[in-house]
Amino acid sequence: MKDIIKILPENISNQIAAGEVVQRPASLIKELVENSIDALSDRIQVFLNESGKKTIKVVDNGIGMSQNDLMNCVLRHATSKITETKDLMNINSKGFRGEALSSIAAVSQLEIVTRRKVDKFGYKLKIKGGKIQSNEKVVSRVGTYVLVKNLFFNVPARRNFLKSDSVELRHIINEFHRISIAHCDLNISLNHKSSEIFNLHKSNIHVRIKNIFGKKIEENLIPIREKTSFVKLNGYIIKPEASKKTRGMQFLFVNNRFIKNNFLFHAINKAYEGLLPEKNYPGFFIFLRVDPASIDINVHPNKIEVKFEDEQSLYSIINSTIKHSLGIFQVTPAIDFNTKSSFEIPYSKRSDQPIPPKIEIDKNFNPFKDQTSKYHSKIWNKSEIIYKEVGSSNLFNADLINEIISDYGNKIFQIMNSYLVTSTRNSLIVIDQERAHQRIIYEKLMKKITNSDISSQQLIFPLNFVLTETQKLIYFELKNTLTEMGFRLEIEGKLNLKIIGIPEICSDNQANKIIEDLFDEFENDPKKKSFSNGDLIAMSISKSTSIKKGSFLEKEEQKNIVNNLFNCKEHLLSPFQKKIFYTITKPELQNKFL
Ligand code: ADP
Ligand code: MG
């Protein structure tokens, strides 16, 4: 029999390698901008069309390449950054594997134009699917531009795998955040089609963060700093009460390289323990500087995972530095939180005597512990009106429901501040108040869409919400559906979202929270395809505004919940497909007493 093993031709092996390095347009941005940084550029411009699917162009003012280097840079394992094994122990550049350009060249139409300061002319190389098309002398500026057209044009399976333009653009923006925060000393811009998304000037970290995420973030930043024999740590952490439901604000850098490291993330989470609302993640911008010889960044082709020599010590240092900074900040939380909550007092109550802020220093202080119950007793009045309005039309025929509605009378009570218990002639019913309320809110909102009822309640004083670029994209995606639900929103200037009106079912003091939670939900990327935007918005609002477990309810409020729940189209399951109530039948009870 003949031998069957053969060495793959370079174009195929490059295509395979591309699978690891180039996953989507955002990975190209990372690789190309990192190359520009390694080429000592201090101005980098990124231009995109169709979220990078059509074209990505990265222009820099770095050292450029000679004609030979230009020919070589697209070969596999071609790099100027290391020459021998021991260099691997002392990596100071972003790249060193010599894989990016060869991989990109294999799966796109690539054009590179480059010129060194010492050369009179520049050179232009064109490659299509790994094959050189042309190589010529051109007039150009000092520096390099790399233009990538039609990514994955020759790998349809990979091209089809790409997500919608807005999702891909969000990935790009995330990548851009990471690079531009890691390199504050760069002038760097990002442009999509003809519009400028970011144009960041060289600055310090604080200003950089503000320029990216908006002015609002400033008041939530707590500085951190520590220096030991083997690590220098600095940066900012985000106040616990400004934490998010997504990991979007987690930036950890080692020697100016964005990394993910679960062990160190754990150190950070631990430091925040007891201070975060449930399901929220801490936000941070932490910069570590260590001896390059003490880390291994060659764990994965995208170099996002890093191994540390002494992870245990690093864990303790990060943990204690954050705890320390949070501790200093804890002296003033009561003032902060009170000012914040005074904005949440309904307008009708604004004339009430203000409650003087209490200053307490409590080590175990958790700003969120009982906030939900306070919050909801404030919003209740509004919700109550809505329940009456939903009324008792729309009855359902199922025997059980009829029986409950006609029979429950005064026999409802609340147990454990969490469940409503009622009974019919033949059964006992226990209702989860939070899930029931979610269902009621959800259906009310969905009904608005189906009935094309775009009525809205105007806020007396419109609120301003400063968007991040990612949130702005999400806003445009959801705009129409939000209007159908009764929101009145307007973009003012570049990033200011003016909240003018909200659906009647919501209380005006919840407006900000609703919008904030909504963006948080949608920033969590892979949304289940089977849900419409309307569904997802209604789900998010039902979650953020529902009465929570642990909230005491008055008799009338309990009745409203039960009444309205059984007027819902679906009353068995919450919008999140969780059981709302269960029944114990008479025979079941009798069985217990045999
Ligand atoms: P690596 O960055 O790992 O070396 P790449 O494939 O990304 O591998 O790049 C190969 C080589 O091409 C680099 O080592 C560098 O010498 C050169 N190069 C790439 N981009 C640029 C650029 N923007 N300016 C100057 N040289 C560049
Ligand atoms: Mg590179």
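Coordinates for the structure precede this section.
Note that residues are indexed from 1 along each chain, following the sequence as it is written. Each chain gets a letter, beginning with A, and each ligand a number, beginning with 1, in the order they are written. Restriction of local features to residues with pLDDT of at least 70 applies here, the model being predicted, together with a cutoff of 80 or more for giving and counting side-chain atom pairs; totals for whole chains, interfaces and linings are based on all residues. Where side-chain values are given, they derive from all heavy atoms of the structure, hydrogens and water being excluded.

### Focus on a positive patch on the surface
Stage number 1. Residues with no salt bridge and a relative accessible area higher than 30% make up the patches, which join like charges within 9 Å and nonpolar side chains (Val, Leu, Ile, Met, Phe, Trp, Tyr) within 5 Å. Surface accessibility follows the Shrake-Rupley procedure with a 1.4 Å probe radius. Residue values consider only the protein chains on display as shielding. Just to be clear on terms, a salt bridge is a Lys or Arg side-chain nitrogen sitting within 4 Å of an Asp or Glu carboxyl oxygen. Charge convention: Lys and Arg are scored as positive, Asp and Glu as negative, and His as well as the terminal groups of each chain are ignored. Every charge is mapped onto a representative atom, which is NZ of Lys, CZ of Arg, CG of Asp or CD of Glu. Residues Arg225, Lys227, Lys232 and Arg289 make up a contiguous surface patch of positive charge.
Stage number 2. Here Lys227 shows up in strand 9 (residues 221-227).
Stage number 3. Exposure remark for Lys227: the relative accessible area of 63% places this residue in the exposed category. Every helix listed is a DSSP run of H or I at least four residues long, and every strand listed is a run of E at least two residues long, numbered separately from the N terminus. Burial classification: accessible surface area is computed with a 1.4 Å probe over protein chains only, and a residue below 20% of its type maximum counts as buried, one above 50% as exposed, and the rest as partly exposed.

### Things to note about the site of ligand 1
Stage number 1. Each residue is tested against the molecule or strand, and it is near if at least one of its non-hydrogen atoms lies within 4 Å. Neighbouring residues of ligand 1: 19 residues in total, closest Asn35, Thr79, Ser80, Lys81 and Gly98.
Stage number 2. Contacts to ligand 1 include Asp60, whose side-chain N or O atom sits 2.9 Å from a nitrogen atom.
Stage number 3. For this analysis, a polar contact is any N or O atom pair within 3.5 Å, provided that within protein one partner can donate a hydrogen and the other can accept it, and provided that sequence-adjacent residues contribute only side-chain to side-chain pairs. Ala100 has a polar backbone atom sitting 3.2 Å from an oxygen atom of ligand 1.
Stage number 4. Among the elements of the structure, helix 2 (25-38) and helix 4 (100-106) are those that each provide at least two residues to the shell around ligand 1.
Stage number 5. Each residue gets one of three labels, nonpolar for Ala, Val, Leu, Ile, Met, Phe, Trp, Tyr, Cys and Pro, charged for Asp, Glu, Lys and Arg, and polar for the others, Gly among them. Its residues assigned to classes, the shell around ligand 1 comprises seven nonpolar, eight polar and four charged.

### Side note on empty space enclosed by the protein
Stage number 1. The distinction between a cavity and a pocket rests on a 1 Å grid over the protein atoms alone: a 1.4 Å probe fits inside a cavity but cannot get out, while a pocket stays open yet meets protein on both sides within 12 Å along at least five of seven lines, and a residue with an atom within 4 Å of a point counts as lining. Grid points are joined across faces, edges and corners, and a volume is the space filled by probe spheres set on the points. This structure, assessed with the given rule, holds three cavities of 30 Å³ or more.
Stage number 2. Size it by volume and the largest cavity reaches roughly 110 Å³.
Stage number 3. If you go around the largest cavity, you meet 14 residues; those closest to its centre are Lys30, Glu34, Ile179, Arg257 and Phe258.
Stage number 4. Within the residue set of the lining of the largest cavity, elements represented by two or more residues are helix 2, helix 6 (165-182) and strand 12 (257-259).
Stage number 5. With four residues, helix 6 is the largest single contributor of residues to the lining of the largest cavity.
Stage number 6. For the domains described, the bounds stem from an automatic or database domain assignment. Both domain 1 (10-202) and domain 2 (207-328) contribute no fewer than three residues apiece to the lining of the largest cavity.

### Quick look at the sheet that holds strand 12
Stage number 1. Strands are treated as partners if at least two bridges between them are detected by DSSP. Read across the sheet, five strands follow the order 9-10-13-11-12 without closing on themselves; strand pairing throughout is mixed. At either margin of the open sheet sits one strand with a lone partner, and together these are strand 9 and strand 12. On average, each strand axis in the sheet is tilted by 20° relative to the strand beside it, whichever way the strands run.
Stage number 2. Pairing analysis gives five bridges linking strand 11 (residues 250-254) to strand 13 (residues 284-289), with the strands arranged parallel. For Val254, the partnering residue across the bridge sits in strand 13 and is Leu288.
Stage number 3. Contacts: residue pairs with any heavy atoms within 4.5 Å of one another. Axis geometry follows a simple rule: fit a line to the C-alpha atoms, using only the stretch in contact for helices, then measure angles between N-to-C directions, giving values from 0 to 180 degrees. Across the sheet, helix 6 touches strand 11, strand 12 and strand 13, and the angle it forms with strand 11 is around 45°.
Stage number 4. Strands in contact with helix 9 (residues 311-329) are strand 9, strand 10 (232-238) and strand 13; relative to strand 9, the strand with the most contacts, it is inclined by about 135°.

### Structural notes on the pattern of salt bridges
Stage number 1. Throughout the structure, instances matching the rule amount to 21 salt bridges.
Stage number 2. A salt bridge links Arg97 to Glu99; its shortest N-O distance comes to 3.0 Å.
Stage number 3. Arg435 serves as the salt-bridge partner of Asp432, at 3.5 Å between the closest nitrogen and oxygen.
Stage number 4. Looking at Asp432, the relative accessible area reads 6%, which means it is buried.
Stage number 5. Connected through salt bridges with shared partners, the residues Lys245, Lys513 and Asp517 form a single ionic network.

### A closer look at the packing of helix 14 (residues 469-484) against helix 16 (residues 533-545)
Stage number 1. As a packed pair, helix 14 and helix 16 sit with axes 10 Å apart at the nearest point and diverge in direction by 80°. When the axis of helix 14 is compared with that of helix 16, the two are roughly perpendicular. Within the contact between the two elements, helix 14 uses Glu477, Leu478, Thr481 and Leu482 and helix 16 uses Asn533, Gly534 and Ile537.
Stage number 2. The residue makeup of the contact of helix 14 with helix 16, split by class, is three nonpolar, three polar and one charged. Each angle is binned into one of four classes, with values under 35 degrees roughly parallel, values over 145 roughly antiparallel, values of 65 to 115 roughly perpendicular, and all other values oblique.

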